[in-house]
Amino acid sequence: MIKNFVEELTWRGMIHTVMPGAEEHLMESMRSAYVGFDPTADSLHIGNLVPIMLLAHYQRCGHRPLALVGGATGMIGDPSGKSNERNLLDEKTLRHNQNAIKNQLSHFLDFESDVENAAVLVNNYDWMKDFSFLEFIRDVGKHITVNYMMAKDSVKNRISSEASEGMSFTEFTYQLVQGYDFLHLYKEKDCTIQMGGSDQWGNITTGTELIRRIDSGKGFAITCPLITKSDGSKFGKSEGGNVWLDANRTSPYKFYQYWLNSSDEDAEKYIKIFTFLTEGDINTLIDTHKEAPHLRVLQKRLAEEITMMVHSKDDLENAIKASTILFGKSTSYDLKGLNEQTFLDVFDGVPQTEISQTDIDNGLDIIAALAEKGGFLKSNGEARRALKENSISVNKEKVKDDYRITTKDLINNKFVLLQRGKKNYFVLRIV
């Protein structure tokens, strides 16, 4: 059954521009639409989540999504909003990246079932690699004027007198290559719609123009707004750079924390865009949140939904458990349940010192661990006073002055967490 895709996106705040006639076209029957993804890394990041969600909603509304990995266009570089060209990828790297991206997309899209609208992954390198330059300028280039190409904002911005760098011919032709992708998919996959961010409008409409001029057909464009944060900082970036979908690049804990730290204004916007919750459920959550903003109901639900989608239920539970370790009533058992990366993420920025394995094997006296060997506290006297005040914990458990740290205290066989009071932490790293 076909559901109204444009209507669904509209209440979620995911529509920027819809070409006239697209909504009616979608309501007539099942249609195929595509979104392009850059394969220059073997992981997508959260900046890619909006186009992923476009395709996911598209499939849920009864249509067939095509995910295009831009093997050819990824070698060129898209001038939209960028100032530098990308590096050339070899084919082996390209295929590796494509497989990794498909695996990530499969968390959102159904590629495997035999339903009529199963998702399809395509790579424009497959149809561009044997296309000679002469054939391309003869069969494609002659249909689009330079005047038409120069009128696009993505081109004008790059060649304006204010731009610090010019634009190579390679990048100038990008919109022709992307436009040809749309024409190819229109002919081969009956794909009549291309979707993307609002900065892609110029490239997408070049495709609809090629379909009209070369095949006398009709293609449609739908774009979504570019996501911004209410404080003006860039969406999708943390202090460490991109927030990736790959757990090896951004741990599920850090991923969860990114969404949990959203402002109230952003969380209200994000929960509509990045989850599949219904309008009724979201409105209820927003109302509940407004009654008690300090409980951060919106942020918690947003972080839970999206972490579970991108990673797994187990990863989500570990991330929640890890989040309570700094502020909640956690135990030594909870700490030892963290993997090394999550432990390091949770205690990122906490001072560390190295202690030899021999010291631990022999049993390290708590006073030496705090002062002379560890350097957490300034002197043995300060260590004794803190122990007398009952303010010292090893791995979240209070200890007395006769305590010795041994191998049984090790987290991941290499860490011991010292703590004074509620907020002062120190990590012993065993070497």
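Refer to the structure presented above.
Attention here is on the structure that accompanies the text.

The rules behind each value
Residues numbered from 1 in each chain as written. Predicted model: local features only at pLDDT ≥ 70, side-chain atom pairs only at ≥ 80, totals over all residues. Heavy atoms only, no water. Helix = DSSP H or I, 4+ residues; strand = E, 2+ residues; numbered from the N terminus. Buried < 20%, exposed > 50% of the residue type's maximum accessible area, 1.4 Å probe, protein only. Salt bridge = Lys/Arg side-chain N within 4 Å of Asp/Glu carboxyl O. Phe/Tyr/Trp six-rings, centres within 6.5 Å; stacked < 30°, edge-to-face > 60°. Polar contact = N/O pair within 3.5 Å; in protein donor to acceptor, adjacent residues only side chain to side chain. Contact = heavy atoms within 4.5 Å.

1. A word on the environment of L109
For L109, the location among the structural elements is in the loop between helix 5 (91-105) and strand 4 (120-123). Owing to a relative accessible area of 5%, L109 belongs among the buried residues under this scheme. Between the alpha carbons of L109 and K152 there is a distance of 32 Å; along the sequence they are 43 residues apart.

2. Comments concerning the pattern of salt bridges
Applying the stated rule across the entire model yields 14 salt bridges. In this structure, E8 engages R12 in a salt bridge whose closest nitrogen and oxygen atoms are separated by 2.8 Å. Given the relative accessible area of 23%, E8 is considered partly exposed. Given a relative accessible area of 4%, R12 falls into the buried group. Salt-bridge contacts for D42 lead to R249; the nearest nitrogen and oxygen are separated by 2.9 Å. Of the two residues, D42 is situated in the loop between strand 2 (32-37) and helix 3 (49-60) and R249 in the loop between strand 8 (241-242) and helix 13 (252-260); the sequence distance between them amounts to 207 residues. Connected through shared salt-bridge partners, E209, R212 and R213 make up one network.

3. Comments concerning the packing of aromatic side chains
Tallied over the full model, the rule gives 18 aromatic pairs. With centroids separated by 5.5 Å and ring planes inclined at 85°, the aromatic side chains of Y258 and W259 adopt a geometry described as edge-to-face. When sorted by exposure, Y258 lands in the same class as W259, which is buried. By the ring-pair criterion, three or more aromatic residues cluster together here, those being F235, F255, Y258, W259, Y270 and F274.

4. Description of the side chain of R31
Along the chain, R31 falls in the loop between helix 2 (22-28) and strand 2. On the accessibility criterion, R31 (17% relative accessible area) is buried. At 2.8 Å, the side chain of R31 and the backbone oxygen of H25 are in polar contact. Excluding residues within four positions of it along the chain, R31 makes contact with H25, L26, Y58, H63, R64 and T192.

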